[in-house]
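As a plain string of letters, each chain reads:
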Amino acid sequence: MKELLIVYHTQSGSSQRLAEAAYAGAVAEKEINVRLLRAMEAGSSDLQACDGVLFVTPENFGYLSGGMKDFFDRTYYPCEPGSLARPYMLIVSCGNDGSGAVRQLERIVKGYPLKAVAEPLIVRGEPQAENLEDASELGLSFAAGLGMGIF
């Protein structure tokens, strides 16, 4: 059975709500095992065991959150840089435009390497019902794509 890993960091709870919405969408795909982990709890073994990963992070001061950056710092070398080759998607919760977090994550994941399979979902401000629905649909489409072998 293929596995989708959702890794998130949150301070205010906004990113957690988006991650939980993505999880709810993804588990609708019965052929896929979906795991939801906080960035501080996830490690290299979780990343190596999955078939795809969805990152959900706030943008703090125009950058990737410290908790998500810590996840990458802890997993990079144990994951044998250059050999991971997994698809990923990204959700950014922000008060600004989210571009700094997107840019920083894109630079980091090149080294694993991880490959983006969708445009990032950027949620500005507090997540509203439509943002949570978008996150749910993103989770479902990622899980379905993994299940069908598209990703």
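We now turn to the structure provided with this report. (Residues numbered from 1 in each chain as written. Predicted model: local features only at pLDDT ≥ 70, side-chain atom pairs only at ≥ 80, totals over all residues. Heavy atoms only, no water.)

1. Topic: the packing of aromatic side chains
This is how it is decided: For Phe, Tyr and Trp, rings pair up if their centres lie within 6.5 Å, where Trp contributes its six-membered ring, and each pair is then called stacked (planes under 30 degrees apart), edge-to-face (over 60) or tilted (otherwise).
The tally for this structure, following the rule as stated, stands at eight aromatic pairs. Aromatic rings pair up to connect Phe55, Phe71, Phe72, Tyr76, Tyr77, Tyr88 and Tyr112 into one cluster.

2. Description of helix H1 (residues 14-26)
Worth spelling out the cut-off: By the criteria applied, helices consist of DSSP H or I runs no shorter than four residues and strands consist of E runs no shorter than two, each listed in order from the N terminus. Helix span, as expected, comes to 1.5 Å for every residue beyond the first. We call a residue buried when its accessible area falls under 20% of the maximum for its residue type, exposed when it is over 50%, and partly exposed in between, using a 1.4 Å probe and counting protein chains only. Think of it as the arc spanned by the lines of direction from the helix axis to the C-beta atoms. Between two residues, a contact is recorded if the distance between any of their heavy atoms is within 4.5 Å.
Taking 1.5 Å as the rise per residue, H1 with 13 residues should run 18 Å; its terminal C-alpha atoms sit 19 Å apart, in good agreement. Residues Ser14, Ser15, Leu18, Ala19, Ala21, Ala22, Gly25 and Ala26 constitute the buried set of H1. Down the axis of H1, the sector holding all buried residues measures 160°, keeping them to one side. On its buried side, H1 packs onto strand E1 (2-8), strand E2 (32-38), strand E3 (52-60), strand E5 (86-94), strand E7 (121-124) and helix H5 (129-148).

3. Remarks on the pairing of E5
The line we're drawing: Here a strand pair is declared whenever DSSP counts at least two bridges between the two strands. Convention used here: a crossover is right-handed provided that the path from the first strand, over the helix, to the second strand proceeds clockwise when the strands point away from the viewer.
Here E5 lies mainly inside the structure; nine of its nine residues are buried. Alternating residues of E5 divide into Arg86, Tyr88, Leu90, Val92 and Cys94 and Pro87, Met89, Ile91 and Ser93, and every residue in both groups is buried. Note: E3 against E5, six bridges, orientation parallel. Its bridge partner being in E5, Pro58 is matched across the sheet by Ser93. Summarising the sheet, E5 and strand E6 (residues 114-116) pair through three bridges and their orientation is parallel. Residue pairing for E6: Arg86 is matched across the bridge by Leu114. Crossover handedness for the path E5 to helix H4 (residues 99-109) to E6: right-handed. With four bridges connecting them, E5 and E7 associate as parallel partners. Its bridge partner lying in E7, Cys94 is registered against Arg124.

4. Concerning helix H3 (residues 66-75)
Buried within H3 we find Gly67, Met68, Phe71, Phe72 and Thr75. Buried positions in H3, seen along its axis, are confined to an arc of 145° and lie on one side of it. In this structure, the buried residues of H3 make contact with E1, helix H2 (44-49), E3, strand E4 (63-64) and H4.

5. Considering the pattern of salt bridges
Rule in force here: Salt bridges, as used here, are contacts in which a Lys or Arg side-chain nitrogen is within 4 Å of a carboxyl oxygen on Asp or Glu.
This model, assessed by the stated rule, comprises five salt bridges. Across the pair Arg35 and Glu3 runs a salt bridge, and its minimum N-O distance is 3.5 Å. Of the two residues, Arg35 sits in strand E2 while Glu3 sits in strand E1, which places them 32 residues apart along the sequence. On the basis of relative accessible area, Arg35 is assigned to the partly exposed category, the value being 26%. Owing to a relative accessible area of 11%, Glu3 belongs among the buried residues under this scheme. Salt bridges sharing common partners tie together Glu3, Arg35 and Asp46.

In short, shape yes, function no, at least from these values alone.
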